[in-house]
Amino acid sequence: FSSKYTLSRHTKAVNVLAVSRHGALLLSGGNDSRIVVWNLVSGEMIQEIFTPAAGYISAITWMDVDDGGETTFAFGASDGNIQVYERSNDALFVFQSTTMSHSGAVESLAWDPVHRRLASAAGGRPHLWTLTQDSDLAIIIISQTEKQPYIARTVHFYDNGASLLVSFLESGEIFCYSIEPWDLKWCKKVQGRIGNAVLEGNFLLVSNLKDGVDKYTVPTFQRVQSYSHVILCNVPLQISVARQAGLIFVGGDDGFARVFDYNTGIYRGQLAHGNRGDQIIPVTVSQ
């Protein structure tokens, strides 16, 4: 592996990354209240969006509302709100709407292109939204959802958008809700806590905050693979899967990210980034 570009604009830590479906654009968001849009072909910055009133940027996702897949995105911030931006005719992204969604920082966002739904997690519970034709977010009533006494770390649409998976940090629990009608289908528990999780087909990969990443089958939650690595700092490292290349990438806490073979769990190398002791939390891939 070799470095192709160094993308420099953020003045504080970068928290989230998202590559567009076709791999041409990258979104980055950080503690400096900035979202930056990057051209991954040239490495150039296309646009900078500065939202100091929102606080730090804590979650971000592309919203593939058409075949282009690079026209709309949403981000969540520490003020609990979700903002939607849409590409205009001059190729820049313009503000469309803001939604007062949660009482605390938005931990995770997920988009379902089939039903045009957005899921968010914060404050111990998920919320579910639908995107209107005016690019506003309208909440789908889920007031029956009991607030959990734990941090809701991630949300994932499952079963072609018919269900929603919600993972909780401290308890290590995964809740699966059916969406129509909204109801709890099942609850499973992984071995350890959940720092971060990524859904890849019928597998959920979990950063366990102890000794690496575990891969579980869904919905049985049998652990079928582990990607072991040393953890120096108890921080929630992100995971990204490149299935075509047969690799997974895991953030690091000592100046580099790690690369593993997806099928065997064998350590394949590291991606140096920063200095010893630096936390490399967000990772993302494009195939």
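An account of the accompanying structure is given in this report. (Residues numbered from 1 in each chain as written. Predicted model: local features only at pLDDT ≥ 70, side-chain atom pairs only at ≥ 80, totals over all residues. Heavy atoms only, no water.)

With that settled, consider the sheet that holds strand β14 (residues 163–168). Spatially, the four strands line up as an open sheet ordered β13-β14-β15-β16, and their pairing is antiparallel. Whereas interior strands pair on both sides, the edge strands pair on one side only; in this sheet they are β13 (152–158) and β16 (183–189). On average, adjacent strands in this sheet sit at an angle of 20° to one another, irrespective of strand direction. With five bridges joining them, β14 and strand β15 (residues 173–178) adopt antiparallel strand pairing. By the bridge assignment, Ser163 is partnered in β15 with Ser178. (Pairing = 2+ DSSP bridges. Helix = DSSP H or I, 4+ residues; strand = E, 2+ residues; numbered from the N terminus. Axes fitted to C-alpha atoms, helices over the stretch in contact; angles between N-to-C directions.)

Time to look at the nonpolar core. If you look at the biggest cluster of nonpolar residues, it comprises 16 residues, and the most contacted ones within it are Leu27, Ile35, Ile60, Trp62, Phe73, Phe75 and Phe93. For this core, the secondary-structure elements that each account for two or more residues are β1 (14–19), β2 (25–30), β3 (34–39), β5 (57–62) and β6 (72–77). Once residues within four sequence positions are removed from consideration, Trp62 is found in contact with Ala18, Val19, Ser20, Leu25, Leu27, Gly69, Glu70, Thr71, Thr72, Phe73, Phe93 and Trp111. (Core = buried A, V, L, I, M, F, W, Y, C linked by side-chain atoms within 4.5 Å. Buried < 20%, exposed > 50% of the residue type's maximum accessible area, 1.4 Å probe, protein only. Contact = heavy atoms within 4.5 Å.)

Now for unusual backbone geometry. At the junction of Glu180 and Pro181, the peptide bond is cis and its omega measures out at 0° in the coordinates. With respect to the helices and strands, Pro181 occurs in the loop between β15 and β16. Residue Pro219 follows Val218 across a cis peptide bond; omega there is 15°. Along the chain, Pro219 falls in the loop between β19 (212–217) and β20 (223–228). Despite not being glycine, Ser33 has its phi angle at roughly 65°, a positive value. As for its position among the elements, Ser33 is in the loop between β2 and β3. The buried category is assigned to Ser33, whose relative accessible area is 8%.

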